Structures are given as C-alpha cells and as structure tokens.
Amino acid sequence: MNKQQKLESSFYYPIPRTLHYCTQCGKELARIIPPDDNRVRDACPHCGAVHYQNPRCVVGLVPIWEDQVLLCRRAIEPQYNKWTLPAGFMELGETTAQGAVREADEEAGAQLELGSLYTIIDVPHAEQVHFFYLAKVLSPQLNPGNETLEAQFFTFDAIPWADIAFQTVATTLQYLVEDFPKQHFPLRNYAILPNQAEHS
Ligand SMILES: [Zn+2]
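Basis of the calculations
- Residues numbered from 1 in each chain as written.
- Predicted model: local features only at pLDDT ≥ 70, side-chain atom pairs only at ≥ 80, totals over all residues.
- Helix = DSSP H or I, 4+ residues; strand = E, 2+ residues; numbered from the N terminus.
- Expected span 1.5 Å × (residues − 1).
- Buried ≥ 20, exposed ≤ 12 C-beta atoms within 10 Å, placed from the backbone.
- Contact = placed C-beta atoms within 7 Å.
- Core = buried A, V, L, I, M, F, W, Y, C linked by C-beta atoms within 7 Å.
- Pairing = 2+ DSSP bridges.

Peer 1: What is the right way to look at helix α2 (residues 96-107) in this model?
Peer 2: Since one α-helical turn is 3.6 residues long, residues separated by three or four positions face the same way. Between its first and last C-alpha atoms α2 spans 16 Å; for 12 residues at 1.5 Å apiece the expected length is 16 Å, and the two agree. Every buried residue belonging to α2 is among G99, A100, V101, E103, A104 and E107, and all of these are buried. Of the surrounding secondary structure, the elements contacted by the buried residues of α2 are β4 (56-65), β5 (68-74), β7 (87-89), β8 (112-123), β9 (128-137) and β10 (148-155). Just downstream of α2, G109 is the residue with a positive phi angle, here 65 degrees.

Here it is in structure tokens:
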C-alpha cells in the first residue's frame, strides 16, 4: 500500500458526520432543529431537504472450523495489521446475513454454512450497530481478498487478544470461548461505551 492510498481512518469515518452541502441541490446547509423535530439536523434552506443521519450497521461472521475460529489480519485502515473477524459495513439492498456472508467471502474466501445470530452490539459513540452470525466453515481452504494480509485458524488458547482490531470483535470472541465448550450459543445483546473502547 503506498502513501497516497493510506489515508487517516478519520477520513473514512468522519465523526461528527456533519454535511456542509446539500446532496439534492448543492447549496450550503444549515444546522437547525426542523419544525416538529427535537434534534439538530443538516437541513437545506434552499430546497427544503432534511438530511437525517442514522447509525450504520456492521455485519460479520464468527467462522468456526472444528475447534478453531477463523480470523483475518487487516490489510486496510483502520486497525491495519490487527486481527478481526470477517466483517464490514452493510450495503444497501442486502440483509444482515447476506452482508455478513459477503464480507466473509471478500475477506477470507471461506466456504461457509451460515448459523444463528450471535451478538448484537450497540456502539453509540461510533454511531454503529454490529451484528455477528455464527458460521460453520466447510473446508479449511481459504482465499483471502485484498483487504486481508492473511487469514488463519486459531485454537481458542491461541487467540491473539492483544492484537484484536475492534472491541466488538474481542467481546464476541470472549463469549465464543465461554459458550463453545457448552455448545450453547445464546444471543448476546450489549453495548460498548466510550470508556470501555479507550481500553481496547
Ligand atoms: Zn438543497
């Protein structure tokens, strides 16, 4: 990856996601509370468009092969070179499950059988909700894409905890380690708050 391609992660995920120009008419926006609303929005005084912003969905998989979990080492920012479960932003027009399978295909090239939804994690300070599905890996043959430096299976005692990319991935893996011996995987729904994220 050359210098020109390597941009700050804040370039990709600007927070706050304030818009400056109207995507409908191109004119400058105002920050106002629209009539009958209760929070500040980017609104267009020229064409009347109100640009609502809502949390983004991140969808991913927990791919399991026998007693091992598949992790990918990231070839992209943010968290370049760190290990993650295959996951990414949900695209328009797909379901959470379809998005999770697509991401696993793009990042690991694994043959998978989709399982049940496992974690739903609110990350309000990042303006995201993360969904991870369990998945059975059908063949150890992998074909990682260009967002991944390498894809590798880890036994649970070899998970590289210090080099996990995201708190949502780390907590999902912690639940997996807890639940796997019992082969009972209840749906986990929790939030990660900013003070927790700082320690990630
Ligand atoms: Zn406008």
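Peer 1: Would you mind showing me how to read the nonpolar core here?
Peer 2: As a rule of thumb, nonpolar side chains are buried together in soluble globular proteins. Grouped together as the largest cluster of nonpolar side chains are 33 residues, with contacts concentrated most on L61, V62, A104 and F132. Contributing elements (two or more residues each) for this core: β4, β5, α2, β8, β9 and α3 (167-179). Apart from residues no more than four positions distant in its own chain, L61 is found in contact with L85, P86, A100, A104, L112, F132, Y133 and A135.

Peer 1: Can you walk me through the environment of E28 in this structure?
Peer 2: Note that E28 resides in the loop between α1 (9-12) and β1 (30-32). Separated by 14 residues in the primary sequence, E28 and D42 have C-alpha atoms spaced 9.7 Å apart. For E28, the contacting residues outside a window of four places in its chain are H20 and Y21.

Peer 1: Help me understand the sheet that holds strand β2 (residues 41-43) in this model?
Peer 2: Two modes of strand pairing occur in sheets, parallel and antiparallel, and in both the strands are linked by backbone hydrogen bonds. With antiparallel pairing, three strands are arranged side by side in an open sheet as β1-β2-β3. Strands with a single pairing partner mark the edges of an open sheet, and in this sheet they are β1 and β3 (50-51). In this sheet, β3 lies alongside β2 in antiparallel orientation, the contact comprising two bridges. Within β3, the position partnered with A43 by the bridge is V50.

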